[in-house]
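Observations on the model geometry
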Amino acid sequence: MGTPFIAGIAIAAAALAGRYGIQAWQAFKARPPKPRIRKFYDGGFQPTMNKREAALILGIRENAPPDKVKEAHRRVMVANHPDAGGSHYLASKINEAKDVMLGKIKGGGSPF
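What you are looking at is a predicted structure, and each value in this text was computed from that prediction instead of being measured.

1. Looking at the nonpolar core
The biggest cluster of nonpolar side chains holds 15 residues, and the ones touching the most others in it are Ala54, Leu58, Ile60, Val69 and Met101. Put simply, the parts of the chain that give this core at least two residues each are helix 2 (51–58), helix 3 (66–80) and helix 4 (88–102). Those residues in contact with Ala54 that lie beyond four places of it in its chain are Met49, Ala97, Val100 and Met101.

Dropping the structure here:
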């Protein structure tokens, strides 16, 4: 007498779990797609640019090879060039970032 009762409870539990699973799957499919937007660096520029900040500006790793640095510089400058409506300040910061990444830091604090 106890065996058919336990079997009925098991079938009912499986049916409820299946119903819940189908509802959860339909809710998952019906949700709006989440846009995959790249998170940009929040914050301004530091007084003296370091390698970390230069890599963040160019969108590359700190230990990127020189050809990747030049490619990233070209890509970022195309989007922010002053002749194409970009900012002169941003263009100078992008150029400074390239110089820092390539090890061509100009001026070391001296005006001469």
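Back to the write-up after that little detour.
2. Side note on the pattern of salt bridges
One pass over the full model with this rule turns up 1 salt bridge. Across the pair Glu96 and Lys93 runs a salt bridge, and its minimum N-O distance is 3.4 Å. Of the two residues, Glu96 and Lys93 both sit in helix 4, 3 residues apart, roughly one turn of that helix. Here Glu96 falls in the partly exposed class, since its relative accessible area comes to 30%.

3. Section: the confidence of the model for the protein
Averaged over every residue, the pLDDT of the protein is 84; the share at 70 or more is 87%. Counting interchain partners and residues more than four positions distant, the pLDDT-below-50 stretch residues 107–112 has 0 contacts.

4. Structural notes on the environment of Arg31
Along the chain, Arg31 falls in the loop between helix 1 (2–30) and helix 2. For Arg31, a relative accessible area of 44% corresponds to the partly exposed category. At 3.4 Å, the side chain of Arg31 and the backbone oxygen of Phe28 are in polar contact.

5. Considerations on the side chain of His73
Mapping His73 onto the fold places it in helix 3. In terms of polar contacts, His73 uses its side chain to reach the side chain of Asn95, at 2.7 Å. Excluding residues within four positions of it along the chain, His73 makes contact with Leu58, Ile94, Asn95 and Lys98.

6. Considerations on a nonpolar patch on the surface
A surface patch of nonpolar side chains, amounting to about 360 Å² of accessible area, comprises Phe5, Ile6 and Ile9. Mapped onto the elements of the fold, Ile9 is located in helix 1.

Thresholds, definitions, all that
Residues numbered from 1 in each chain as written. Predicted model: local features only at pLDDT ≥ 70, side-chain atom pairs only at ≥ 80, totals over all residues. Heavy atoms only, no water. Core = buried A, V, L, I, M, F, W, Y, C linked by side-chain atoms within 4.5 Å. Buried < 20%, exposed > 50% of the residue type's maximum accessible area, 1.4 Å probe, protein only. Helix = DSSP H or I, 4+ residues; strand = E, 2+ residues; numbered from the N terminus. Contact = heavy atoms within 4.5 Å. Salt bridge = Lys/Arg side-chain N within 4 Å of Asp/Glu carboxyl O. pLDDT = per-residue confidence, 0-100. Polar contact = N/O pair within 3.5 Å; in protein donor to acceptor, adjacent residues only side chain to side chain. Patch = residues over 30% accessible without salt bridge, like charges linked within 9 Å, V, L, I, M, F, W, Y side chains within 5 Å. Areas by Shrake-Rupley, 256 points an atom, 1.4 Å probe, with all protein chains shown as cover.

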